[in-house]
Amino acid sequence: MLYRENGQFKTSYAADQQVFPIAQDRWAVVGILVFAFVAVPLLVDEYMFRAILIPFLILSLAALGVNILVGYCGQITLGAGAFMAVGAYAAYNFHIRVEGMPLLLSLLLGGFTSALVGIVFGIPSLRVRGLYLAVATLAAQFFTDWVFLRIPWFTDNSLSGNVSVSNLQVMGWQVNNPLNKYLFCLAFLTVFALLAKNMTRSAIGRQWMAIRDMDVAAEVIGIRPLFAKLSAFAVSSFFVGTAGALWAFVHLASWEPAAFSVDRSFQLLFMVIIGGLGSVMGSFFGAAFIVILPIVLNRLLPEIGDLVGVEISTAGISHAELIIFGGLIIFFLIKEPHGLARLWSTGKEKLRLWPFPH
């Protein structure tokens, strides 16, 4: 009864095409943002910030980027970890080599550099698709792994390959404790999520979806595959690269190329598959699933083992986590290929029609 549209009349095109046309959605989003910015800092401890909330925010941003490319444009990628690495190391070099470079500008320039690299590795999408394109983007992963391991300039000639940043601040505001890091990442995610939502609803978003559904038909009606595909790679890589810079600067503070291995690429792809392809909300669902599930299993499996009289070792927990995680991915692909976002949309539609069966 609370999620009904009765009495909500649209008197202009702008009102009909707004991001959240239903008043309940607008108030829900405002409520979530107020809760995230005001209530969470008062209720959550340091462990929750470090282990759950900050990784969730940054990985949500990366999943948004992957979803733009895979979900909205239909271009398969297995190189998202590579673009995260490019964003992280580019931001690092801008930060240490340019005197007085602001933190925000370093992070955004890292994302911009990642976008340029994404365009280069997106060029094969003009000729190949599907599995062949996935292999081409996987090449980006191995190439960046080699570059950041073998060329010492990128790591400021560090012998171990490990780099670190400290004393992060934005206009005098110190980003040096879990609370400030959380608020900093939350502000980034809020802006980028709104940007992604508007882009997917705009003309360029419709071009991406036309290319995804049938690229030959899209070209016939006047859409340029060159612009549509490369713009999707650029925007996606910008989002992922900025997330990589945040992951390195804010979450890790000290990192090496292994932090952005091929496992990270698969993790981001799984987030999009589980959360929902072609859905901004699905990126958040997928990131929450990936971040929270391992923590729940690490706490739950030993207790289950104690109940049945079986001692589960740390290695056993790690293996069981992979098995359960893989099984859940297969389950979602079979039972709900459109991901958790589809379940969310179905629930909303039923609420809009309830109690009427049609």
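I will try to describe carefully the structure that is included in this document. (Residues numbered from 1 in each chain as written. Predicted model: local features only at pLDDT ≥ 70, side-chain atom pairs only at ≥ 80, totals over all residues. Heavy atoms only, no water.)

## A word on the overall build of the chain
Helix and strand counts for the chain come out as 14 helices and four strands. Taken against the 2.2 N^0.38 rule, which gives 21 Å for 358 residues, the C-alpha radius of gyration of the chain at 21 Å falls within 12% of a compact globule. Every one of the 358 residues in the chain was classed for burial, and the buried ones make up 45%. Put simply, of all contacts in the chain between residues at least 6 apart along the chain, 74% involve residues at least 24 apart. Per element, the accessible surface of the chain, about 18600 Å² overall, is 68% carbon and sulfur. (Helix = DSSP H or I, 4+ residues; strand = E, 2+ residues; numbered from the N terminus. Rg over C-alpha atoms; globule rule 2.2 N^0.38 Å. Buried < 20%, exposed > 50% of the residue type's maximum accessible area, 1.4 Å probe, protein only. Contact = heavy atoms within 4.5 Å. Areas by Shrake-Rupley, 256 points an atom, 1.4 Å probe, with all protein chains shown as cover.)

## Points about the packing of helix 11 (residues 262-275) against helix 13 (residues 314-335)
To describe two helices that pack against each other, one gives the angle between their axes and the distance between the axes. Between helix 11 and helix 13, whose axes approach to 9 Å, the crossing angle comes to 45°. As far as their axial angle goes, helix 13 and helix 11 are oblique. Crossing handedness for the pair helix 11 and helix 13: left-handed. Only Phe325, Ile329, Phe332 and Leu333 of helix 13 make contact with helix 11, whose side of the interface consists of Phe270, Ile273 and Ile274. Within the contact of helix 11 with helix 13, the residues separate by chemical class into seven nonpolar, no polar and no charged. (Axes fitted to C-alpha atoms, helices over the stretch in contact; angles between N-to-C directions. Parallel < 35°, antiparallel > 145°, perpendicular 65-115°, else oblique. Left-handed = near helix turned anticlockwise from the far one by under 90°. Nonpolar A, V, L, I, M, F, W, Y, C, P; charged D, E, K, R; others polar.)

## Concerning a nonpolar patch on the surface
Side chains of Trp27, Val30, Leu33, Val34, Phe35, Phe37, Val38, Leu42 and Leu43 sit close together on the surface and give an oily, nonpolar patch of about 950 Å² of accessible area. Topologically, Val38 is positioned in helix 2 (residues 23-43). (Patch = residues over 30% accessible without salt bridge, like charges linked within 9 Å, V, L, I, M, F, W, Y side chains within 5 Å. Salt bridge = Lys/Arg side-chain N within 4 Å of Asp/Glu carboxyl O.)

## Thoughts on helix 13
Taking 1.5 Å of rise per residue, the 22 residues of helix 13 would be expected to cover 32 Å, and the 31 Å separating its terminal C-alpha atoms lies within 8% of that figure. Taken together, the buried positions of helix 13 are Ile317, Glu321, Phe325, Ile329 and Phe332. Taken down its axis, helix 13 places every buried residue within 105° of arc, on the same side. Away from its buried face, by an angle of more than 90 degrees, helix 13 presents the exposed residues His319, Ile323, Ile334 and Lys335. (Expected span 1.5 Å × (residues − 1). Arc of directions from axis to C-beta.)

## Quick word on the nonpolar core
Core analysis: the largest hydrophobic core is formed by 96 residues, its most contacted members being Tyr182, Phe184, Trp208, Phe249, Trp255 and Phe260. Tallying contributions element by element places helix 3 (residues 46-72) first for this core, with 17 residues. Apart from the residues within four sequence positions on either side, Trp208 is in contact with Ile68, Tyr72, Cys73, Met199, Ala228, Ser231, Ala232 and Val235. (Core = buried A, V, L, I, M, F, W, Y, C linked by side-chain atoms within 4.5 Å.)

## Re the packing of aromatic side chains
Scanning all chains against the criterion turns up 16 aromatic pairs. Relative to Phe188, the ring of Phe184 lies with its centre 5.2 Å away and its plane at 70°, an arrangement referred to as edge-to-face. Of this pair, Phe184 and Phe188 are both found in helix 7 (residues 178-201), four residues apart, which corresponds to roughly one turn of the helix. Exposure remark for Phe184: the relative accessible area of 6% places this residue in the buried category. Chaining the aromatic ring pairs together yields one cluster made of Tyr89, Tyr92, Phe148, Trp153, Phe154, Phe249 and Trp255. Over the aromatic face of Trp153 sits the side chain of Arg97, whose NZ or CZ is 4.1 Å from the ring centroid. (Phe/Tyr/Trp six-rings, centres within 6.5 Å; stacked < 30°, edge-to-face > 60°. Lys NZ or Arg CZ within 6 Å of the ring centre and 35° of its normal.)

## Topic: the pattern of salt bridges
All told, the structure shown has four salt bridges when counted by the stated rule. For the salt bridge of Asp156 with Arg97, the shortest nitrogen-to-oxygen distance reads 4.0 Å. In this pair, Asp156 is assigned in the loop between helix 6 (131-150) and strand 1 (163-164) and Arg97 in helix 4 (residues 80-97), connecting sequence segments 59 residues apart. With a relative accessible area of 39%, Asp156 lands in the partly exposed category. Residue classification places Arg97 among the partly exposed positions, given a relative accessible area of 36%.

## Digging into the packing of helix 4 against helix 5 (residues 103-122)
One way to put it is that helix 4 packs onto helix 5 with a least axis distance of 7 Å and a crossing angle of 135°. When the axes of helix 4 and helix 5 are compared, the pair comes out oblique. Crossing hand, helix 4 versus helix 5: right-handed. Mapping the contact onto sequence places Phe83, Val86, Gly87, Ala90, Ala91, Phe94 and His95 in helix 4 and Leu103, Ser106, Leu107, Leu109, Gly110, Thr113, Ser114, Val117, Gly118 and Phe121 in helix 5. Grouping the amino acids of the contact of helix 4 with helix 5 by side-chain chemistry returns ten nonpolar, seven polar and no charged.

## Overview of the environment of Ser114
For Ser114, the location among the structural elements is in helix 5. Ser114 sits in the buried class, given a relative accessible area of 0%. The sequence separation of Ser114 and Cys185 amounts to 71 residues, and the corresponding C-alpha distance is 19 Å. Residue contacts for Ser114: discarding those within four places in its chain leaves Phe83, Val86, Gly87, Ser237 and Gly241. Here the side chain of Ser114 touches Phe83 through a polar contact of 3.1 Å, landing on its backbone oxygen. (Polar contact = N/O pair within 3.5 Å; in protein donor to acceptor, adjacent residues only side chain to side chain.)

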